[in-house]
2 protein chains.
Amino acid sequence: MRRKITLKQIARELDVSISTVSKALKNSKEISADTIQKVQAFAKLYNYRPNNIALSLKNRKTNTIGIIIPEIVHHFFSKVIRGVELVANKRGYNVIIGLSNESFSKEVINMEMLANGSIDGFILSMSKETLLQQDYHHYNETMNQGMPIVMFDRVVSDIKCDKVIVDDFNGAKNAVEKLISNQCKHIALITTKDYVSVGRLRTQGYLEALEENKITPQAELILKMDDTLDYEVHLEKLEAEIEQLFKAHKNIDGVFAVNELYALSAMKVARRMGLNVPNDIQVIGFTDGVLSKHSTPSLTTVSQHAQLMGERAADLLIDKIETEFNAEEEQFQTVVINTELVERESTK
Amino acid sequence: MRRKITLKQIARELDVSISTVSKALKNSKEISADTIQKVQAFAKLYNYRPNNIALSLKNRKTNTIGIIIPEIVHHFFSKVIRGVELVANKRGYNVIIGLSNESFSKEVINMEMLANGSIDGFILSMSKETLLQQDYHHYNETMNQGMPIVMFDRVVSDIKCDKVIVDDFNGAKNAVEKLISNQCKHIALITTKDYVSVGRLRTQGYLEALEENKITPQAELILKMDDTLDYEVHLEKLEAEIEQLFKAHKNIDGVFAVNELYALSAMKVARRMGLNVPNDIQVIGFTDGVLSKHSTPSLTTVSQHAQLMGERAADLLIDKIETEFNAEEEQFQTVVINTELVERESTK
DNA sequence: TTTTAACACGCAAACGTTTTCGTGACTTTC
DNA sequence: GAAAGTCACGAAAACGTTTGCGTGTTAAAA
């Protein structure tokens, strides 16, 4: 077992200086043809590769981007990562991941761990706890140190940085319009509490679609779940509440849910109550997940193009990393990704 | 915007040497109490953090581990990552990911990219293409350079390194025994072609369970799918073949599938043919996925404990990284993770 | 033959750390 | 009052690169 070979070792072996070796490998015209030939042959033989860490230190550039997300076992986020990795790799960058697990402190720790030289910039989506606490000092400190940040999906306007978001408002609106045009008269909304901007916007889309179609929104048809609970408990509670909703309003003939699990639960409860989807009740969910495609009936969804979000975020970040930082006149962009209604069996 | 502060800047500011600053921050007893106090106060004020890259270079240690997987948008792999990240973080390591996308060349490129100093060791699962080509030179070269590798799930015995695998044989065997004890007499197996060791072992488990229960395996009840096809095409073909199988053997009353999609497809086809799951036909799938839990009927599965695999792999790797490399008498371990039968509605 | 130019290479600094060793200024000891 | 010891700090090397500049040797020009 031999360690990786360095310039120094090649230099010693060939009895030239380190700089000569370095230049020879770059075909510098300062170096004679036979020295170049000799060095390159030797380097190839020993499979020389420059040490990334040394390069990073010298260039003050790591060619690595950090991505911090609340959870990885989640289709939306893993698709985003795939997108990030795709363009990062194409543009010569590595990707290092940190999971906040929806915790504020883990988010802070992870960011500090990476911000000390390990990466050139961040792509991140805020944890729920951070959204609740509204404490953004770690983002601002990071950016003050000259490290660019691109946020995606879960963003807040208080933070000045590049962002990639889904068009939640219109995605929701289109979905509800679809239900309306499919003759639904009483459309329920199943959503989360409003502290996540994403949920708020989807609710607004729902309301606007109703109003534009002269349907008066009814507060009783809106179910707001507290999603900070434990997952299992949450699911049971969810089903119970949906059942209650359906029983209290037998005329509900359409459901728009802000995520996959809510939509699936609605279908499950409906079936249990002897209702047929889509004949008695039509359901649309806002999601990119796998469940929709394989459920029975398969679920009509508002697709978020998660992978595309990742790609756009990575491009945005790398662009920023690679452009000269010009004065204080920095411009921040917000890229909006359009949603797409994927029609399946849960709607007519 | 100020850049991150360095020892040199603190030294200049306080009019002491760099070494004094460094020592003062470490409470060295070489340094007087007031100098220590002064330096630490200043460092705190400016939020000094040592530069990771410089440390990595100096210590020849990055405290980062690389993980290379075929695909990230996949429950099994993302759960493994979560496990890896969990213990890596706990032990002071970062995780950098590379996706091979099931391609041999991408696997090689990714490994080379990371092997040049960026990380201290690899955790990886082989791409299908690598398994097919049986070209393992990149693993061996990496290990020859003193970089440890831990493989998980998809492994081959030709490569000498630490491994974490699922007990595929017994997992499959237990599942089939469950079907047998549930009175199934004609159990079909839906699997992939044999080049992945994992599939081969599961098939063996299936066979052994039958034989131990005096049931003669019938080759016609074994469906081997070619999973190198395009996903969509694959799925259609899969359903067609399952339907054909069911029609040709009306007495099939149990199905064991080596993955989630195969199991779900089997249930789907069964339902389409008017068969009731689990009354007419019982199904068990080998998987950790989400679909099983939310399908109707929910699917009984052989759970692989993916997160635990990730945790064990990370521990194994970090242990190896942190122990002195003692001579040529290196020992490699293979950790076997036991499976667990999670009973749901698709079995009686 | 002397001056100039081209060539081929080495030196050294820099990136930000850590750590060994050396040293000047005091203090203690005899 | 001289020798020895303690204290507090700085210089320098090392990790592995890249690159501007200096320099000795040779060849071409005057």
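Residues numbered from 1 in each chain as written. Chains lettered and ligands numbered in written order. Predicted model: local features only at pLDDT ≥ 70, side-chain atom pairs only at ≥ 80, totals over all residues. Heavy atoms only, no water.

A. Just the interface of chain A and chain B, in detail. Across the boundary between the two partners, chain A contributes 58 residues, which contact 58 residues of chain B. Buried area between chain A and chain B, both sides added, is near 5100 Å², and the carbon and sulfur share of it is 56%. Two residues, B:Glu71 and A:Arg82, come together in a salt bridge whose shortest N-O distance is 3.0 Å. Our enumeration of links across chain A and chain B arrives at 15 residue pairs in polar contact (both at pLDDT 80 or more). Elements that contribute at least two residues to the side of chain A that touches chain B include exactly helix H4 (52-59), helix H5 (75-90), strand S2 (94-99), helix H6 (104-115), helix H8 (137-144), helix H11 (231-248), helix H12 (260-272) and helix H13 (291-294) of chain A. (Contact = heavy atoms within 4.5 Å. Buried area = accessible area lost by both parts, 1.4 Å probe. Salt bridge = Lys/Arg side-chain N within 4 Å of Asp/Glu carboxyl O. Polar contact = N/O pair within 3.5 Å; in protein donor to acceptor, adjacent residues only side chain to side chain. Helix = DSSP H or I, 4+ residues; strand = E, 2+ residues; numbered from the N terminus.)

B. A look at helix H14 (residues 306-322) of chain A. Residues and elements named next belong to chain A. Over its 17 residues, H14 runs 24 Å from end to end, which matches the ideal 24 Å to within 8%, given 1.5 Å per residue. Along H14, the positions that sit buried rather than exposed are Ala306, Met309, Gly310, Ala313, Ala314, Leu316, Leu317, Ile318, Lys320 and Ile321. Structurally, H14 contributes buried residues whose contacts are with strand S1 (64-69), H5, strand S3 (121-124), strand S4 (149-152), strand S5 (162-166) and strand S11 (334-337). (Expected span 1.5 Å × (residues − 1). Buried < 20%, exposed > 50% of the residue type's maximum accessible area, 1.4 Å probe, protein only.)

C. Expanded view of the protein's contact with DNA strand D. Near DNA strand D, the surroundings consist of 28 residues, among which A:Lys58, B:Thr20, B:Lys23, B:Glu30 and B:Thr35 are the closest. In the interface set of DNA strand D, defined as its atoms within 4 Å of the protein, sugar plus phosphate atoms amount to 58%. Separating a base oxygen of DNA strand D from a side-chain N or O atom of A:Lys23 is a distance of 2.8 Å. Taking B:Lys58, its main chain carries an N or O atom lying 3.3 Å from a base oxygen of DNA strand D. For the surface near DNA strand D, the elements supplying multiple residues, two or more each, are helix H1 (7-14), helix H2 (18-25) and H4 of chain A together with helix H2 (18-25) and helix H4 (52-59) of chain B. Looking at the surface near DNA strand D, the element that brings in the most residues is H2(A), giving 4 residues. (Near = heavy atom within 4 Å.)

D. Just the pairing of S5(A), in detail. Residues and elements named next belong to chain A. Of all the 5 residues making up S5, 5 are buried; the element is thus mostly covered by neighbouring parts of the structure. Relative to S5, S4 is paired through 3 bridges, and the arrangement is parallel. Bridged to Met151 within S5 is Lys163. Note that S5 and S11 share 4 bridges and pair parallel. Bridge pairing in S11 links Ile165 to Val336. (Pairing = 2+ DSSP bridges.)

Fair warning: the whole summary comes from geometry, so function is off the table for now.
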